[in-house]
Amino acid sequence: MSIRAETVFVNLLFFYIAGIYVAYEFASVGLQWGFAFSSFLLFAFLVILNNRYAKLKAYRYKIYTSALFYLLFFCVGGWLYLINSNNLQPGYFAKTKLDAIKIILEETPQWKGNQVRFKAKVIYGYQAKRGIACQGRLLVTLNAGKHKPITLNYGDELILPAHYRAVETPQNPSEFDYKAWLATQNIHYQVYMNQQDAILTGQNRGNTLIAFALTLRLQQIEHLKKLIVDQEAFSVASTLILGYRADLSKETLAAYSKTGTIHALSVSGMHVGIIYIVLMWSLRFMNRSTLLKILKAILIIALIWFYALVTGFSPSVLRSAIMLTCFIIAKTGRKRTNSYNILAFSAFILLVYQPFLLFDVGFQLSYLAVFGLIYLQPLLYNLLYFKYTLADKLWQFTALSLAAQLATFPLSVYYFHQFPVYFLLSNLFIMLPASLMMYLGLSMLLFRLYFLAPLLEWVINLTNTGLKWIASLPFSTISAIWWNKTALILLLVFLILFILALNKAQKKLLFPALCTLLIFQSILSFYKMQALRQQKTITFKLRRNYAVAYLYSNRAILFTDVDPESKVFQYSIKPCLDQHQVKEIQFKNGLPDLNKIKHLW
């Protein structure tokens, strides 16, 4: 088998993703029909060509045939994205003036105080008492006010007044683009209303299997809540083991974020891998015969997919489940496996099922991390040799952490604007506790070993304390890093060229890599000089507050009634000041006097 055949899905995935991205940038009904027509023509031509391969001597034109094949996947990618874009379809609910809509909850909502927010699917509309079949997704917020919050479950059917409105664009510079984020989830409208205006029909249209899994998960969460006394430890346990995002304190979230270990708080491939290792060890007695090995493979695959179901089919768990399924089947059938092909195949399956996943940050970082482990970890590990087993194991884990961080840090910094300085220390610290938490938690829930609860609580509290200490170290985080897309692309190009130059021993790639790095640094220096010379006034648009910032070099005078610790400041004001590289802020109450501004510094 050639290398090219082994990595066929890597090639197909590249063109398929390219088609999705083009459709995302130029989405229109016309482009949808263009992709559909092109896909049909290309498919028909390739089928005819395959049937008359020998007669037409098509083997002489393999390059052109391959190009048409990849073009087909490019067109199919764009077409699937566009037909899944509800706002382009004729039956989209927002294209008709409706009096009311019927929706189905797509998730299990969680009340926070007197409000609940959830994503829903629109299935029906009412216009002058006439029913109209509709489609689309909607973000719903219900306010209970002084009333008792109603009980809502996945799949419940609700009728709401059609008071939805388009999601607003950001009102302030550098503010998080909530509209664009929801658009990548196929949501363009939202509705906010009092709970008593919604009618619960009593019908449930949720998927039976998913409803069963979510019910089972809630039962396990109730078990954890009774067993783990400390609320913070319970929140970490339910999030890490079952993917149930309970309320975590700001301090704990900040500790995991600043130390680069936030991935441990989300059910991911690492957790599925831990389960796989436990199952392989537990069922090792089934290696005695071929039949038992097949049964073992079926059992492990079934249990992995059951765990994926219980955790809500998150992209990272799905990716791991698909990858491990392919790996187990290939290993059981004694076939050669190519890690890149399996990784690409899992991504391809997910993106066929839901093309919008391509724009999910977790999806992107998850695949980059696994690519780093497959490609970069062996390179880094082979750089050093240690004679003693303990030192060798420590370096192996260090190389693993370095590989994942190196592969993900450009996108991570681009999205989250910070970099954890002590990521090596924190990841080495959390590796054993995270595995222990998974083992203890699953043992408690699966085998009812409730006596392990105090030990699990102690491990979680110890881990939280250790991460908070690392986060409190001097210069633990480099924050307020703002790169534009040009800088991000340049950094990615540099890393790719530099890694290829080292791996392939091609010195000719070092020069373009260094040139790319020089351009990247020049752009950052240019923005730095701009920030040092800036003199501008920024007026923020806030609903219940006011804020005016006067920027001079890397300093700012902020006239506002907003608390610096409030969400309004953190989400609407601070990002703008960070992007302008403001290092010093003077807070002042009251409205500014324009005549005195020049003398304030």
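Everything discussed here concerns the structure shown above.
To keep things clear, this report deals only with the structure shown in the data block.

What counts and what doesn't
- Residues numbered from 1 in each chain as written.
- Predicted model: local features only at pLDDT ≥ 70, side-chain atom pairs only at ≥ 80, totals over all residues.
- Heavy atoms only, no water.
- Pairing = 2+ DSSP bridges.
- Helix = DSSP H or I, 4+ residues; strand = E, 2+ residues; numbered from the N terminus.
- Axes fitted to C-alpha atoms, helices over the stretch in contact; angles between N-to-C directions.
- Expected span 1.5 Å × (residues − 1).
- Buried < 20%, exposed > 50% of the residue type's maximum accessible area, 1.4 Å probe, protein only.
- Contact = heavy atoms within 4.5 Å.
- Salt bridge = Lys/Arg side-chain N within 4 Å of Asp/Glu carboxyl O.
- Arc of directions from axis to C-beta.
- Core = buried A, V, L, I, M, F, W, Y, C linked by side-chain atoms within 4.5 Å.
- Patch = residues over 30% accessible without salt bridge, like charges linked within 9 Å, V, L, I, M, F, W, Y side chains within 5 Å.
- Areas by Shrake-Rupley, 256 points an atom, 1.4 Å probe, with all protein chains shown as cover.
- Phe/Tyr/Trp six-rings, centres within 6.5 Å; stacked < 30°, edge-to-face > 60°.

1. A closer look at the sheet that holds strand β11 (residues 535–540)
If you trace the four strands from one edge of the open sheet to the other, you get β11-β12-β13-β14, paired in mixed fashion. Each end of this open sheet is capped by a strand with a single partner; those strands are β11 and β14 (584–588). For this sheet the average axis-to-axis angle between neighbouring strands, irrespective of direction, equals 15°. The pairing of strand β13 (residues 555–560) with β14 spans five bridges and is classified as parallel. Of the residues in β14, the one forming a bridge with alanine 556 is isoleucine 585.

2. Overview of helix α3 (residues 29–51)
The end-to-end C-alpha distance of α3 is 33 Å, a good match for the 33 Å that 23 residues give at a rise of 1.5 Å each. Among the residues of α3, Gln32, Phe35, Ser39, Leu42, Leu46 and Leu49 are the ones counted as buried. On the buried face of α3, the contacting elements are α2 (8–25) and α4 (62–83).

3. Concerning the environment of leucine 490
Position of leucine 490 relative to the elements: it lies in helix α17 (residues 485–504). Each C-alpha atom of the pair leucine 490 and leucine 518 lies 9.6 Å from the other, and the pair is 28 residues apart in sequence. Contacts of leucine 490, omitting those with residues within four sequence positions, involve Thr516, Ile519, Phe520 and Ile523.

4. Let's talk about the pairing of β11
Where β11 and strand β12 (residues 547–552) come together, six bridges link them in antiparallel fashion. By the bridge assignment for β12, isoleucine 538 is matched with alanine 549.

5. Some words on the pattern of salt bridges
In this structure the tally under the stated criterion is six salt bridges. When the shortest N-O distance is used, the salt bridge between glutamate 157 and lysine 102 registers 3.9 Å. Here lysine 102 lies in strand β1 (residues 100–105) and glutamate 157 lies in strand β5 (residues 156–161), a separation of 55 residues in the sequence. Accessibility expressed as a relative area gives 3% for glutamate 157, which makes it buried. Note that arginine 205 and glutamate 157 form a salt bridge whose closest N and O atoms lie 2.8 Å from each other. You can see arginine 205 sitting in the loop between β8 (199–204) and α6 (208–227) and its partner glutamate 157 sitting in strand β5, a full 48 residues away along the chain. What you see here is one network of salt bridges that share partners, running through Lys102, Glu157 and Arg205.

6. A closer look at helix α8 (residues 250–258)
Residues that lie three or four places apart on an α-helix share one face, since the helix turns once every 3.6 residues. Every buried residue of α8 is accounted for by Thr252, Ala255 and Tyr256. Mapping the buried residues of α8 onto a view down its axis gives an arc of 90°, with all of them on the same face. Exposed side chains of α8 directed beyond 90 degrees from the buried face belong to Lys250 and Glu251. Contact partners of the buried residues in α8: α7 (231–242), α15 (423–447) and α16 (453–471).

7. A short note on unusual backbone geometry
Residue serine 174 is not a glycine yet carries a positive backbone phi of 70°. Positionally, serine 174 belongs in the loop between β6 (165–166) and α5 (178–183). Notably, phenylalanine 475 is not glycine yet its phi reads approximately 55°, a positive angle. By the secondary structure assignment, phenylalanine 475 is in the loop between α16 and β10 (477–479). Relative accessible area serves as the criterion here: at 73%, phenylalanine 475 is assigned to the exposed category.

8. What about the nonpolar core?
Among the nonpolar cores identified, the biggest contains 49 residues, and Ile241, Ile304 and Met438 are the most heavily contacted of them. Of all the elements in the fold, those that place two or more residues in this core are α6, α7, α8, α9 (269–282), α10 (290–310), α11 (315–332), α15 and α16. When sequence neighbours within four positions are dropped, the list of residues in contact with isoleucine 304 reads Val272, Tyr276, Leu279, Ala321, Leu324 and Ile328. One finds Tyr16, Leu42, Leu72 and Leu82 within the second-largest nonpolar core, a separate group that totals 35 residues.

9. Section: the side chain of threonine 398
Mapping threonine 398 onto the fold places it in helix α14 (residues 389–416). A relative accessible area of 12% places threonine 398 in the buried class. Those residues in contact with threonine 398 that lie beyond four places of it in its chain are Leu424 and Leu428.

10. Observations concerning a nonpolar patch on the surface
Where nonpolar side chains cluster on the molecular surface, the patch consists of Leu291, Ile294, Leu295 and Ile298 and spans about 380 Å² of accessible area. The exposure class assigned to leucine 295 is partly exposed, which follows from its relative accessible area of 43%.

11. Some details on the packing of aromatic side chains
Between two aromatic rings, the relevant description is the distance of the centres plus the angle of the planes. Under the criterion given, the structure shown has 38 aromatic pairs. With centroids separated by 4.8 Å and ring planes inclined at 5°, the aromatic side chains of phenylalanine 15 and tyrosine 70 adopt a geometry described as stacked. Of this pair, phenylalanine 15 sits in helix α2 while tyrosine 70 sits in helix α4, and the two are 55 residues apart along the sequence. Of the residues examined, tyrosine 70 reaches a relative accessible area of 14% and is grouped as buried. With centroids separated by 5.0 Å and ring planes inclined at 90°, the aromatic side chains of phenylalanine 93 and tyrosine 164 adopt a geometry described as edge-to-face. Within this pair, whereas phenylalanine 93 is found in the loop between α4 and β1, its partner tyrosine 164 is found in the loop between β5 and β6, the two being separated by 71 residues in sequence.

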